[in-house]
Amino acid sequence: MGAHQHVCSAEHAKWLNNWARKLLQNPERFVGRFIKEGDTVADFGCGPGFFTVPMAEMVGGSGKVLAFDIQQAMLEIVRRNAEKKGSADRIELRLCISNTLVGLDRDIDFALAFYMVHELVDRDAFFGELRNYLRTNGRMLVVEPPFHVTAESFEETVAVGEKAGLKVKERPKWFMNRAVLFSR
């Protein structure tokens with residue numbers, strides 16, 4: 001997904017996968033109602049798989065989670081975590097090495113971009129390409145950290161998504177997060 005401003009290194013993955021984060025950003029609470037068994041979902045900027053692995057359980061044996069990251073080391077952590085949970089067969093790891101959605105070869109029902117859109121250099125390209133892969137009525141949840149992303153900057157991100165043809169469906173309210181749910 002191209003150049004970025006700041007990326008949390010794999011050496012800090014333990015800070016992204018821990019019990020305290022699960023209390024504040026529980027995957028079931030954040031994405032559970034958007035995912036059903038059999039769905040194909042994408043986790044952009046998946047990091048160590050905090051959302052990826054639980055989403056693999058949510059999609060069940062007939063679903064698939066595409067986990068995208070720019071760091072191979074993060075994808076290896078996802079693989080190990082998924083193997084421990086018995087869901088590795090439901091996750092496809094995708095290393096992003098360009099400003100495109102490398103390896104996205106199927107339509108998706110749900111996409112998650114958690115704390116990563118602010119790291120993109122070209123949000124227009126990201127949302128434009130993603131829109132093409134979202135199924136009709138597919139949804140995308142964008143969540144950004146208020147300590148890195150101002151309200152004004154977040155509204156610019158929302159406008160970029162709308163310009164790409166996505167519609168604001170909902171603005172979930174979660175403590176210490178800026179969020180928007182788009183639909184195609």
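Residues numbered from 1 in each chain as written. Predicted model: local features only at pLDDT ≥ 70, side-chain atom pairs only at ≥ 80, totals over all residues. Heavy atoms only, no water.

### Digging into the nonpolar core
- Val31, Met55, Phe110 and Leu141 are the most contacted members of the largest nonpolar core, which has 28 residues in total.
- Contributing elements (two or more residues each) for this core: α2 (27-31), α3 (52-59), β2 (64-69), α4 (72-85), β4 (108-114), β5 (134-144) and β7 (178-183).
- Ranked by residues supplied to this core, first place goes to α3 with five residues.
- In this structure, phenylalanine 110 is in contact with Val31, Phe34, Ile35, Thr40, Val41, Ala42, Met55, Arg139, Leu141 and Leu181, ignoring residues within four places of it in sequence. (Core = buried A, V, L, I, M, F, W, Y, C linked by side-chain atoms within 4.5 Å. Buried < 20%, exposed > 50% of the residue type's maximum accessible area, 1.4 Å probe, protein only. Helix = DSSP H or I, 4+ residues; strand = E, 2+ residues; numbered from the N terminus. Contact = heavy atoms within 4.5 Å.)

### Let's talk about a nonpolar patch on the surface
- A cluster of nonpolar residues, Leu24, Phe147, Phe175 and Met176, forms a patch on the protein surface that exposes about 480 Å² of accessible area.
- Following the sequence through the fold, methionine 176 ends up in the loop between β6 (167-170) and β7.
- Residue methionine 176 is classed as partly exposed on the basis of its relative accessible area, which comes to 42%. (Patch = residues over 30% accessible without salt bridge, like charges linked within 9 Å, V, L, I, M, F, W, Y side chains within 5 Å. Areas by Shrake-Rupley, 256 points an atom, 1.4 Å probe, with all protein chains shown as cover. Salt bridge = Lys/Arg side-chain N within 4 Å of Asp/Glu carboxyl O.)

### Comments concerning the packing of helix α5 (residues 123-133) against helix α6 (residues 151-163)
- At a closest axis distance of 8 Å, the pairing of α5 and α6 adopts a crossing angle of 40 degrees. One way to sum up the angle between α5 and α6 is to call them oblique. By crossing handedness, the relation of α5 to α6 is classed as right-handed. Together, Arg123, Asp124 and Phe127 of α5 and Ser153, Glu156, Thr157, Val160, Gly161 and Lys163 of α6 make up the contact between the two elements.
- Tallied by class, the residues present in the contact of α5 with α6 amount to two nonpolar, three polar and four charged. (Axes fitted to C-alpha atoms, helices over the stretch in contact; angles between N-to-C directions. Parallel < 35°, antiparallel > 145°, perpendicular 65-115°, else oblique. Left-handed = near helix turned anticlockwise from the far one by under 90°. Nonpolar A, V, L, I, M, F, W, Y, C, P; charged D, E, K, R; others polar.)

No statement about biological role is implied by the geometric values presented.
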